[in-house]
Amino acid sequence: MDRHDIALIGFGGVNRALAQIILDRGDELAADLGFALRVVAITDLRLGSLMQADGIDLADVFAMSDGETFVGRPGGTAAPQNDYVIRNSTADIVVEATFTNPIDGEPGISHVRAALESGKSVTTTNKGPVALAGLELNRLAAANGVTFQYEGSVVSGTPILRFASETLQGLRINAVEGILNGTSNYVLGQMESGMTLDVAVAEAQSLGYAEADPTADIEGSDVQLKVVILANELLGADITTADVTRRGISEVSAADIIDAAAQGKRYKLIGSAFRNAAGTVTAKVEPVALPLTHPLASVTGPTNAVSFDTDLLGTVTVSGPGAGRIETAYALLSDIIAIDAHQRARVEAGR
Ligand SMILES: NC(=O)c1ccc[n+]([C@@H]2O[C@H](COP(=O)([O-])OP(=O)(O)OC[C@H]3O[C@@H](n4cnc5c(N)ncnc54)[C@H](O)[C@@H]3O)[C@@H](O)[C@H]2O)c1
Ligand SMILES: N[C@@H](CCO)C(=O)O
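As the structure is a prediction and not an experimental result, all values here were calculated from the model.

Caption draft 1: Structural detail: the overall build of the protein chain. Counting secondary structure elements, the protein chain contains 12 helices and 13 strands. Reported as C-alpha extents along the three principal axes, the dimensions of the protein chain are approximately 65 × 50 × 35 Å. Buried residues in the protein chain amount to 52% of all 351 residues. Considering only residue pairs separated by 6 or more positions, the protein chain has 70% of its internal contacts joining residues 24 or more positions apart. When the accessible surface of the protein chain is totalled, it reaches about 15000 Å², and 51% of it is carbon and sulfur. Measuring between centres, the 25 positive side-chain charges of the protein chain sit 3 Å from its 43 negative side-chain charges.

Okay, structure coming up:
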């Protein structure tokens, strides 16, 4: 049986959920997929680093008490040694799930770069490296004969990127628009029911939807990164966050929501990008009061939806979970499956 050895960079909600899936369903997955998964390294700001080439006992890691670090375990340190772990662990796949930094993408970009440079494939849910350095990192992956996958960077485990790039092959996508942030959609719904923004944000944090700093969710910078990814991946653009105008849901008051409801409308945070006649791409993030008859108006809670405007098929909309620990861990698993397929194809092609 083939096996992939994995290094987990960041051990918060999403990577813990992936480790839990491997612990609970590893045998079943191996039988289904034809390869086993084994975690050989974990590194985290709060826990330190742990490298064990024979495989880490995940049940033992889950049993650690609050405040405990990896120091004292064989291959364990109290301080995180991310670069050392990424470059020297025996993993063939690095899973990057540290905080998204919408300003400069660090340290995520450096983590991904180090992994690709050392011949390891990478999957990440971190939007920073994909939005701010996607082109460079894809080139680096190709130059090193490895694979860079990031399905969970947009709409969590709902396979938007792979759907568009694989299933919609042969169509020209002219525009993309959608609800791209689970937290803000959840918060707007709770505000409709009379909850304050602060209480609703705290709920979204405890449910694992929000960013470590939820300002990114509320002020629209999380969606701004996702719009950059969609525009560059699917519309062939080469834009940065500076090209995406941004307004967040902090601009929407309880009174605005009541007024909209009285007019048969509902506020949604909409991210969009469309190709102009001149070939350039216009992209924005803004709260919009949609009529209740609009298809996106009925998308509630942490659910997201993306509409692709295509030449031959018209509008195609995909909807599904946009945030959540397990849902996003599934995106990582789907990327690992894609990495395995690419590795097998390379071996068959003798590369
Ligand atoms: N939670 C979701 O629904 C979701 C969905 C899609 C994408 N994402 C993205 O996935 C990533 C992980 O999300 P999460 O919910 O697990 O976040 P989290 O805050 O629960 O976990 C992040 C972990 O990374 C660790 N970390 C941060 N900086 C580090 C560093 N420099 N070195 C080592 N460890 C570091 C933190 O200690 C923490 O344990 C984020 O980039 C987020 O934007 C999350
Ligand atoms: N905080 C993000 C996670 C998914 O990227 C959201 O709520 O959509």
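Caption draft 2: The sheet that holds strand 13 (residues 314-321), seen in detail. Strands sit in the order 9-11-10-8-12-13 across an open sheet of 6 strands; the sheet is mixed. Both edges of this open sheet fall to strand 9 (244-246) and strand 13, since each of them pairs with a single strand only. Put simply, the sheet's adjacent strands are angled 20° from each other on average, direction ignored. Here 5 bridges tie strand 8 (residues 173-179) to strand 10 (residues 265-275), and the two strands are oriented antiparallel to one another. For E177, the partnering residue across the bridge sits in strand 10 and is S272. Strands in contact with helix 7 (residues 182-192) are strand 8, strand 10 and strand 12 (303-310); relative to strand 10, the strand with the most contacts, it is inclined by about 155°.

Caption draft 3: Structural view of the site of ligand 1. Taken together, the neighbourhood of ligand 1 is formed by 23 residues, with D44, T98, T125, E211 and G324 sitting nearest. In this structure, G13 approaches ligand 1 through a main-chain N or O atom, which is 2.9 Å from an oxygen atom. Within the side chain of K127, a nitrogen or oxygen atom sits 3.0 Å from an oxygen atom of ligand 1. Judged by the proximity of its atoms to the pocket grid, ligand 1 belongs to the largest pocket. When grouped by side-chain class, the residues that make up the shell around ligand 1 number 7 nonpolar, 12 polar and 4 charged.

Caption draft 4: Local environment of the UniProt feature "domain: Homoserine dehydrogenase catalytic" (unreviewed entry) in the protein chain. UniProt's feature table lists "domain: Homoserine dehydrogenase catalytic" (unreviewed entry) at residues 159-337, given in the numbering used throughout. For the annotated span residues 159-337, helix accounts for 39% and strand for 27% of the residues, and the straight-line distance between the end C-alpha atoms is 13 Å.

Caption draft 5: The arrangement of the site of ligand 2 in detail. In the vicinity of ligand 2, the residues found are K127, N181, G182, T183, Y209, A210, E211, D217, D222, K226, G322 and A323. Here K226 contributes a side-chain N or O atom positioned 2.8 Å from an oxygen atom of ligand 2. For ligand 2, whose free accessible area comes to 260 Å², the fraction covered by protein is 93%. With respect to the pocket detection grid, ligand 2 is positioned in the largest pocket. Grouping the constituent residues of the shell around ligand 2 by class yields 3 nonpolar, 4 polar and 5 charged.

Caption draft 6: Focus on the nonpolar core. Core analysis: the biggest nonpolar cluster contains 63 residues, and L116, F148, I173, L180, V227, L230 and F308 have the highest contact counts within it. It is helix 10 (residues 221-234) that provides the largest number of residues to this core, a total of 8 residues. Look past the residues within four positions of L116 in its chain and what remains in contact with it is V122, L137, L140, A141, N144, V146, T147 and F148. V14, F35, L50 and L332 belong to the second largest nonpolar core, which has 28 residues in total.

Caption draft 7: Expanded view of the confidence of the model for the protein chain. Chain-level pLDDT for the protein chain is 97 on average; 100% of the residues reach the 70-or-more range. Model confidence for the complex: the whole-complex pTM is 0.97, and ipTM, which rates the interface, is 0.99.

Rules and cut-offs
Residues numbered from 1 in each chain as written. Chains lettered and ligands numbered in written order. Predicted model: local features only at pLDDT ≥ 70, side-chain atom pairs only at ≥ 80, totals over all residues. Heavy atoms only, no water. Helix = DSSP H or I, 4+ residues; strand = E, 2+ residues; numbered from the N terminus. Buried < 20%, exposed > 50% of the residue type's maximum accessible area, 1.4 Å probe, protein only. Contact = heavy atoms within 4.5 Å. Areas by Shrake-Rupley, 256 points an atom, 1.4 Å probe, with all protein chains shown as cover. Lys, Arg positive; Asp, Glu negative; His and termini not counted. Charge placed at Lys NZ, Arg CZ, Asp CG, Glu CD. Pairing = 2+ DSSP bridges. Axes fitted to C-alpha atoms, helices over the stretch in contact; angles between N-to-C directions. Near = heavy atom within 4 Å. Polar contact = N/O pair within 3.5 Å; in protein donor to acceptor, adjacent residues only side chain to side chain. 1 Å grid on protein atoms, 1.4 Å probe; cavity = no way out; pocket = protein on both sides within 12 Å on 5 of 7 lines; lining within 4 Å. Sits in = over half its atoms within 2 Å of the grid points. Nonpolar A, V, L, I, M, F, W, Y, C, P; charged D, E, K, R; others polar. UniProt positions renumbered as here; feature names shortened; annotations may be inferred. Core = buried A, V, L, I, M, F, W, Y, C linked by side-chain atoms within 4.5 Å. pLDDT = per-residue confidence, 0-100.

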